[in-house]
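# Topology and contacts: notes
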Amino acid sequence: MHLPGYFEFCCPVQIIAGHRAIDNLPALLKKRHVRKPMLVTDQGVLGARLVDVVTAAISQSVAIGQVVDDIPSDPDLETVRRIARCYRKNDCDGLVAVGGGSVMDAAKGANLLVSEKKDDLLWLAGSGHLKRPLRPLFTIPTTAGTGSEVTQVAVITDHDRHVKLPFASRYLMPDAAVLDSRMTLTLPPPVTAATAMDALTHAIEAFTCLAKNPISDAHALFAIELIRENLIAVLNDADDAKGRLALAVAASLAGVAFSNSMVGLVHALGHATGAVCGVPHGNCMAVLLPYGLEYNMHKNGHLTAQLLLPLAGPRIVAQTPTHLRARQVISVIRRMNQSLHRITNRQHARCFSEITGADGLCQVSIEKIDHIADIAMRDGALLYNPEELDHDDLVMVMSNAWSGTPLDMGRIKKGKLQIR
Amino acid sequence: MYFSEDFSYQCPLKINCGSYALAGLPSELTAYDVNHPLILASHHQIGAKPVQTVVDAFRSSRMTVAMYDQISDQMEPSLLPMLLTLYQDGGCDSLIAIGGNAVVDAAKCLNVLVAVNARSKKIGTTPGEGGADALAPLFLVATPGGNGYEATHWANDPSGLLCAARLMPSVAFIDPVMMEGRQRDVVNGGLIGLAHAVEAFLDDAAGPLARAHAHTAISLMMHYLPMAIGGDEYPQSLSGVVCGQIVAGCAFSAASPGVCHTLANHLAAYTELPKGYLMALFLPHRLAETSRQDADQVGQLLYPMLGAQDFALTARTLQAPRAIAILWELYDALNQTLTVRIPIRLKKAGLTDDQLKKAQGQLMTASADNALVNIFSRAI
């Protein structure tokens, strides 16, 4: 086992999980002296009546200051400013985010503004700007998931510049994350699949990229195992509450992992594709994951190989020669995507050419690949990727991910940096 | 993978581990908006050099530090009031504990005393912004003399045992420059950490996050403890052991005190053998007893102990016996170089037949848990 030269690990978020975990919310609010929380959610969650579960649990003990229920996917700077204005106007003293990654990122961004008493998020972008705790924030994920309920990062879109702005600080971590199986029971199969692949990607990139450490590794391995054991079962039985809870826990484990060890190529390209083409993050991750592993295999194949056990089980590991295990991991992921594609009636995409918009046209057009590569080149996640990439490398990966063909290993650049 | 469908987990401790970790001490204090720490240490336990190393970390900062390095192994009743006066008169706003055991217990208890004292003076009463009952930041500089308890939410005070989530330190620094220790202390601390990690791993109610910490701790211990005793890559391997202890402490905080912990405490009155040695003695027997009900659960330990390949290639029915055998092999390997060896039986630990009978009798009276008695009997 390798101990890195230096690493840090931190996750002070209180994680409460259970089939009625939301019943603990009043006590959590009281503990942090929150009497007038603002609820932040989106129309999908509202329509599924999941917010009703939350309000029923807390309305006896607190006065809900305001419910903001129109957070868009990929929240932007103006959305965050609007939430902050609403918070101040209603004299709220805490935030409860009920939703997926977009809602949580918006809540985190708003928390930044109200706590720092600012109107402009731009000067807070990046890391190291926050010096003190923010207002209390509680997260109740309704997907499984982005892991945002436990991470120290938030991503807000700047539509003007077509970039996704990352914000990173341990103060962004919520006070508590409440994982309640009722919150994901109504999640449609394509969303269940995409968000689970998002969690899987977090875990895999946390384990295989440069900033890994022993503690985040263990969280990543457990996340992968829980996803392997429960994803297909949940897609075949939407009412499988235990499976839903397991996937929610997996997403949080993966969130803890990548929050403490960062991500790499898959996220760099995924962020860019989402910013340029509006493709949901989970779909980008599912498509790009095998390509990221392929691209990096000559550098970190020995790490990728270790993922075969949680991903496929001991029998497959025993049957696979050591030098083929990394390749087998990539094959397992491609087969997983294939299974998800079939179970969701082809709504889960295996490559970018299969992702269509409301107009029926391909959402990621070939003409945009160059621009996506430009944006990805500026993504900080690339710093943690085991192999270097230039613009042409990114175009190559995106082109293959678009058509669904494996990478030509002979065309992959092999840099000099050695990985232990 | 089994996981509890109803759990709560929180670990507020931040771990900074590796070369030049101590260089980050001033900036971590700044992040908590404090700048006048009281450093607590035990000069006779760790010597002057490690204490000076910590003080030197503040040289280029503009912080002033207070220090008390005369803490003895047993906390005297007069210690805490004296430290409280030192803390308050010195205008301190945080604590740094170097090492483990009595030093960290003193730091945690002092922290409570400071908060209680502040509450009685109605200082800082704004709710939600660290009111009067909030504890000051406590920073831990880990050394091989610890055993993982320093990272938990437990503290021994003169009158009993305290337990509260807020007792956990804010940040733990594991720096190779602090890694010098006596062999017996290193092994004792390492074995306590290993036993805690294994018992937390087997505690289903603790939840998967505690289990992830336990998995990490077991892997670190199995890999680095033999190296540390054997003198291989000394600072690095000791850092691995200490990191494993700290992470085991995080897992242990979320789990119920395990069988080995309980039995070792029970026998403490009868022997001078270090607690870690006692816990290590009971551990294989505990696993054997547990595998009678759930061999798969014990077999899962093989994964952190040996890694993915060996776990996958071991037949399922052989995983639990192999995990137990690995422990015995570890003790054998350690005993090759230890001056005080890890006993494999209670009779070989220096306890007389009368003492064993008495201890067993007390156990049978006090405990309704047959498994506890069975494990004790196996270990005789």
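Quick notes on the rules
Counting of residues starts from 1 at the beginning of each chain's written sequence and follows it residue by residue. Here the convention is simple: chains get letters from A, ligands get numbers from 1, in the order in which they are written. In keeping with the predicted nature of the model, local features appear solely for residues at pLDDT of at least 70, side-chain atom pairs appear and are counted solely at 80 or more, and the whole-chain, interface and lining totals rest on all residues. Here, strands pair whenever DSSP counts at least two bridges between them. Secondary structure follows DSSP: runs of H or I at least 4 residues long count as helices, runs of E at least 2 residues long count as strands, and numbering of each begins at the N terminus. As a rule, the C-alpha atoms of each element are fitted with a line to give its axis, helices using only the stretch in contact, and angles between N-to-C directions run from 0 to 180 degrees. Contact between residues is assigned whenever the C-beta positions, reconstructed from backbone atoms, fall within 7 Å. Exposure in this text rests on C-beta crowding, where 20 or more other C-beta atoms within 10 Å of a residue's own make it buried, 12 or fewer make it exposed, and counts in between make it partly exposed. The C-beta atoms are placed from the backbone. Basically, the charged four are Asp, Glu, Lys and Arg, the nonpolar ten are Ala, Val, Leu, Ile, Met, Phe, Trp, Tyr, Cys and Pro, and anything else, Gly included, counts as polar. All the domain ranges listed were derived from an automatic or database domain assignment.

### Focus: the sheet that holds strand β6 (residues 137-141) of chain A
With mixed pairing, the twelve strands of this open sheet are ordered in space as β3(A)-β2(A)-β4(A)-β6(A)-β9(A)-β1(A)-β1(B)-β8(B)-β5(B)-β4(B)-β2(B)-β3(B). Strand pairing shows two members of the sheet lacking a second neighbour, β3 (66-68) of chain A together with β3 (66-68) of chain B, which therefore form its edges. Each neighbouring strand pair of the sheet contributes to a mean axis angle of 20°, computed without reference to strand direction. The pairing of strand β1 (residues 7-18) of chain B with strand β8 (residues 171-174) of chain B spans four bridges and is classified as parallel. Residue pairing across strands places Ile15(B) opposite Ala172(B), the latter belonging to β8(B). Where helix α3 (residues 48-56) of chain B meets the sheet, its contacts fall on β2 (37-40), β3, β4 (94-98) and β5 (138-141) of chain B, and the angle it forms with β4(B) comes to roughly 145°.

### Let's talk about the environment of Arg345(B)
Residue and element names in this part refer to chain B. Tracing the backbone through its elements, the reader meets Arg 345 in the loop between α14 (316-335) and α15 (353-366). By C-beta crowding, Arg 345 is classed as exposed, having 12 other C-beta atoms within 10 Å. Taking the C-alpha atoms as reference, Arg 345 lies 18 Å from Pro 321; in sequence the two are 24 residues apart. Setting aside chain neighbours within four positions, we find Arg 345 in contact with Ala 379 and Ile 380.

### A short note on the interface of chain A and chain B
Opposite the 41 residues of chain A that make contact, chain B presents 42 residues. Within the residue set of the side of chain A that touches chain B, elements represented by two or more residues are β1 (6-18), α7 (214-236), α8 (241-259) and α12 (314-319) of chain A. With twelve residues, the single largest contributor to the side of chain A that touches chain B is β1(A). Partitioning the side of chain A that touches chain B into residue classes produces 26 nonpolar, seven polar and eight charged. Pairing of β1(A) with β1(B) involves eight bridges; the strand directions are antiparallel. If you follow Ile15(A) over to β1(B), its bridge partner there is Tyr9(B).

### A look at the domain arrangement of chain A
All names here are of chain A. When its domains are assigned, chain A resolves into domain 1 (14-183) and domain 2 (189-411). The distance between the C-alpha centroids of domain 1 and domain 2 comes to 26 Å. The interface is formed by 26 residues belonging to domain 1 together with 28 residues belonging to domain 2. Among the elements of the structure, β1, β7 (153-158), β8 (163-168) and β9 (176-180) are those that each provide at least two residues to the side of domain 1 that touches domain 2. In terms of residues, the side of domain 1 that touches domain 2 owes the most to one element, β8, which gives three residues. Classifying every residue of the side of domain 1 that touches domain 2 by side-chain character gives ten nonpolar, 13 polar and three charged.

### Comments concerning the pairing of β4(B)
Residues and elements named next belong to chain B. A large share of β4 lies buried, amounting to five of its five residues. Judged by which residues are buried, β4 turns out to be covered on both faces: Ser 94, Ile 96 and Ile 98 on one side and Leu 95 and Ala 97 on the other are all buried. Inspection of the sheet shows β2 paired to β4 by four bridges, in the parallel sense. When the bridges of β4 are listed, Leu 38 appears paired with Leu 95. Pairing of β4 with β5 involves four bridges; the strand directions are parallel. From the neighbouring strand, Ala 97 faces β5, where its bridge partner is Leu 140.

### Some words on the sheet that holds strand β5 (residues 126-127) of chain A
Residue and element names in this part refer to chain A. Spatial ordering of the open sheet is given by β5-β8-β7, a layout of three strands whose pairing is mixed. On the outer flanks of this sheet lie β5 and β7, each paired with one strand and no other. Here β5 runs beside β8; their pairing, made up of two bridges, is parallel. Residue pairing for β8: Ser 127 is matched across the bridge by Ala 168.

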